[in-house]
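# Structure assessment
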Amino acid sequence: QEAGGESSKSGSAKQTPSTKSGGNQPAANQPSEDQPNSAQQPSGQTPTAPPAETTPSQAPETPQTIQVTISVQCKALVGNNNLAEPYRPYVPSNGYIQGTTQVTIPKNGTVFDALQALNLNPAPTYTGSVKRKDIYITSIHHIPEKACGGQSGWKYKVNGSIPNLSCSDYTLQGGETIEWYYTEHVFD
């Protein structure tokens, strides 16, 4: 609070403008040169800041993104003799291409959006169209469908269940756990 440079009520002493008050100073009727002017503050009280401006309460905004947990594994291929030789170097010894990771995707995003949010290198390959909601994942981490027999390929689970929908047609709400996995029998 900045003290003003007004003359006292008695008019006998002329005051010069003082600097900002430095905290809890005892008040006096007439400030001396070594005491800041605290005449505007009632005796024994510390100056207080003006009340903060408040705005009318607003409804919380709906989030524009959601978070889900996702992993990509090919444990069925670890040590599998049916796996074609060219793809064996791409199978991690623990079977996980991507361990459990939390990703952020747009609100109303899909399982396909979550897979893309992992930014795997190389990116998964697929057929179909997002617009038609018929994406089919053909390869992840250089491991394509049919690398381990004619019915092998990539599938996904959401919260432990296998949906009967394309990954681009399964809309997520947030908080789900998605697991992409390689299987020898995609039709099971």
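Position numbers for residues count from 1 along each chain, tracking the sequence in the order it is written. Reporting in this predicted model follows two pLDDT cut-offs: at least 70 for local features of residues, and 80 or more for side-chain atom pairs to be given and counted; totals over whole chains, interfaces and linings ignore these cut-offs and use all residues. In computing side-chain values, all of the structure's heavy atoms are included and hydrogens and water are not.

## A look at the overall build of the protein
Only DSSP runs of H or I with at least four residues qualify as helices, and only runs of E with at least two residues qualify as strands; both kinds are numbered from the N terminus onward. For the protein, the count of helices and strands is 1 helix and 7 strands. Each helix and strand of the protein, ordered N terminal to C terminal, gives the series β-β-α-β-β-β-β-β. A burial count over the protein gives 31% of its 188 residues as buried. Considering only contacts within the protein whose residues lie at least 6 apart along the sequence, 60% involve residues at least 24 apart. Partly exposed describes any residue whose relative accessible area lies between the buried limit of under 20% and the exposed limit of over 50%, with all areas from a 1.4 Å probe on protein chains only and scaled to the type maximum. Contacts between residues were defined by any pair of non-hydrogen atoms, one from each residue, lying within 4.5 Å.

## Observations regarding the environment of P92
Here P92 is to be found in the loop between β1 (65–73) and β2 (96–106). As a C-alpha pair, P92 and V78 span 14 residues in sequence and 7.5 Å in three-dimensional space.

## Observations concerning the pattern of salt bridges
Whenever Lys or Arg places a side-chain nitrogen within 4 Å of a carboxyl oxygen from Asp or Glu, that contact is recorded as a salt bridge. Counting across every chain of the model gives 2 salt bridges. For R88, the salt bridge identified is with E85, shortest N-O distance 3.5 Å. Given the relative accessible area of 33%, R88 is considered partly exposed. Between R132 and D134 there is a salt bridge, with the nearest N and O atoms lying 3.3 Å from each other.

## Observations concerning the side chain of S152
With respect to the helices, strands and loops of the structure, S152 is situated in the loop between β5 (143–144) and β6 (153–158). Two N or O atoms form a polar contact when they lie within 3.5 Å of each other; inside protein one atom must be a possible hydrogen donor and the other a possible acceptor, and for residues adjacent in sequence the pair counts only when both atoms belong to side chains. A distance of 3.4 Å separates a polar atom in the side chain of S152 from the backbone nitrogen of A147. A polar side-chain atom of S152 sits 2.8 Å from the main-chain carbonyl oxygen of G149. The residues touching S152, leaving out its near neighbours within four places in the chain, are E145, K146, A147, Y182, T183, E184, H185 and V186.

## What about the pairing of β1?
Within β1, 7 of the 9 residues are buried, which leaves it mostly tucked inside the rest of the structure. Note on pairing: DSSP must find at least two bridges between two strands before they are called paired. Judged from the 8 bridges that link them, β1 and β2 form a sheet pairing that is antiparallel. Within β2, the residue paired with Q67 across the bridge is T104. Note: β1 against strand β7 (residues 177–183), 5 bridges, orientation parallel. For Q73, the partnering residue across the bridge sits in β7 and is Y181.

## Some remarks on the confidence of the model for the protein
On average, residues of the protein score 81 in pLDDT, and 67% of them reach the 70 mark or higher. Low pLDDT (under 50) marks residues 35–39, which in the prediction has 13 contacts with non-local residues, meaning those over four places away or in another chain. One number per residue, pLDDT, summarises how confident the predictor is, and it ranges from 0 to 100.

## Digging into the packing of aromatic side chains
Ring pairs shown here join Phe, Tyr and Trp side chains whose ring centres sit within 6.5 Å, with only the six-membered ring taken for Trp; geometry is labelled stacked below 30 degrees between planes, edge-to-face above 60, and tilted in between. For the coordinates displayed, the defined rule picks out 4 aromatic pairs. On the basis of an interplanar angle of 75° and a centroid distance of 5.0 Å, the ring pair of F112 and Y126 is categorised as edge-to-face. Remark: Y126 occurs in strand β3 (residues 125–127) and F112 occurs in helix α1 (residues 111–117); sequence separation between them is 14 residues. Centroid distance W154 to Y182: 5.1 Å. Interplanar angle 85°. Geometry classified as edge-to-face. Of this pair, W154 sits in strand β6 while Y182 sits in strand β7, and the two are 28 residues apart along the sequence.

## Concerning the sheet that holds β1
Pairing is mixed across the open sheet formed by 4 strands, whose spatial order is β2-β1-β7-β6. On the outer flanks of this sheet lie β2 and β6, each paired with one strand and no other. For this sheet, the mean inter-axis angle between neighbouring strands, taken without regard to orientation, is 20°. Where β6 and β7 come together, 6 bridges link them in antiparallel fashion. Its bridge partner being in β7, G153 is matched across the sheet by T183. In this description, a line fitted to the C-alpha atoms serves as the axis of each element, helices being fitted only across the stretch in contact, and the angle between N-to-C directions of two axes falls anywhere from 0 to 180 degrees.

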